[in-house]
Amino acid sequence: MSEDVRLVAWVRGHVQGVGFRWFTRARALEIGGLSGFALNVDDGRVQVVAEGNREACQKLLDWLRGGDTPGRVDGVTEIWDTPRGGYDGFMIR
């Protein structure tokens with residue numbers, strides 16, 4: 001059984017105004033077993049918080065970095081942590 005983790009990723013590039021949060025939510029739901037959110041940050045980045053098993057979170061992170069996202073991703077910074085819970089599904093904020 002895979003351990004549950006919390007992934008916090010900040011995605012920079014041209015990622016606002018291009019449907020990035022919507023596609024991130026759709027990808028998280030497609031992967032399955034993830035809860036969390038995607039949020040536009042005032043400095044132009046998108047913050048993605050995902051909780052679930054490590055394999056599912058890694059799949060989402062790989063997608064964020066993979067070039068199949070809307071807009072243009074110039075880089076992704078991530079932090080791995082222990083889950084905090086409190087999310088009802090995967091939301092757009």
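The rules behind these values
- Residues numbered from 1 in each chain as written.
- Predicted model: local features only at pLDDT ≥ 70, side-chain atom pairs only at ≥ 80, totals over all residues.
- Heavy atoms only, no water.
- Helix = DSSP H or I, 4+ residues; strand = E, 2+ residues; numbered from the N terminus.
- Rg over C-alpha atoms; globule rule 2.2 N^0.38 Å.
- Buried < 20%, exposed > 50% of the residue type's maximum accessible area, 1.4 Å probe, protein only.
- Contact = heavy atoms within 4.5 Å.
- Areas by Shrake-Rupley, 256 points an atom, 1.4 Å probe, with all protein chains shown as cover.
- Phe/Tyr/Trp six-rings, centres within 6.5 Å; stacked < 30°, edge-to-face > 60°.
- Lys NZ or Arg CZ within 6 Å of the ring centre and 35° of its normal.
- Core = buried A, V, L, I, M, F, W, Y, C linked by side-chain atoms within 4.5 Å.
- UniProt positions renumbered as here; feature names shortened; annotations may be inferred.
- Polar contact = N/O pair within 3.5 Å; in protein donor to acceptor, adjacent residues only side chain to side chain.

**Student:** What should I look at first to understand the overall build of the chain in this one?
**Tutor:** Check the secondary structure of the chain and you find two helices and five strands. Secondary structure of the chain in N-to-C order comes out as β-α-β-β-α-β-β. For a compact globule of 93 residues, the expected C-alpha radius of gyration is about 12 Å, and the chain comes in at 12 Å, within 12% of that figure. Split into buried and exposed, the 93 residues of the chain put 35% on the buried side. In the chain, once contacts between residues fewer than 6 apart in sequence are set aside, the share between residues at least 24 apart is 77%. Total accessible area computed for the chain in this model is approximately 5,200 Å², and 46% of it derives from carbon and sulfur atoms.

**Student:** Hey, could you run me through the packing of aromatic side chains in this one?
**Tutor:** The description of an aromatic ring pair uses the distance of the two centres, along with the angle that the planes make with each other. Within the structure shown, the criterion is met by three aromatic pairs. With centroids separated by 6.2 Å and ring planes inclined at 35°, the aromatic side chains of Phe20 and Trp63 adopt a geometry described as tilted. Highlighted residues: Phe20 in helix H1 (residues 20-31) and Trp63 in helix H2 (residues 54-65), separated in sequence by 43 residues. The burial state of Phe20 is the same as that of Trp63; both residues are buried. Residue placement shows Arg54 over the ring face of Trp80; its charged tip is 4.9 Å from the ring centre. Of note, Arg93 hangs over the ring of Phe37, and the distance from its end group to the ring centre comes to 4.0 Å.

**Student:** Whenever I open this one, the nonpolar core confuses me. Can you help?
**Tutor:** Among the nonpolar cores identified, the biggest contains 20 residues, and Val11, Leu34, Val48, Leu60, Leu64 and Phe90 are the most heavily contacted of them. Sorting the residues of this core by element identifies strand S1 (4-14), H1, strand S3 (46-53) and H2 as the ones contributing at least two each. If you tally residues by element for this core, the top one is H2, at six residues.

**Student:** Please clarify how the UniProt feature "active site" (unreviewed entry) in the chain should be interpreted in this entry.
**Tutor:** Mapped onto this structure's residue numbering, the UniProt feature "active site" (unreviewed entry) falls at Arg21 and Asn40. The greatest C-alpha distance among the residues just named is 7.8 Å, despite their covering 20 residues of sequence, which places them together in space. As for its position among the elements, Arg21 is in helix H1. Non-local contacts of Arg21, meaning those with residues more than four positions away in its chain, are made with Ala38, Leu39, Asn40, Val46, Ile92 and Arg93. On the secondary structure map, Asn40 appears in strand S2 (residues 35-40). By relative accessible area, Asn40 is classed as partly exposed at 28%. In this view, Asn40 contacts Gln16, Arg21, Arg45, Val46 and Arg93; residues no more than four positions away in its chain are not counted. Of the polar contacts made by the side chain of Asn40, one reaches the side chain of Arg21; its length is 3.5 Å.

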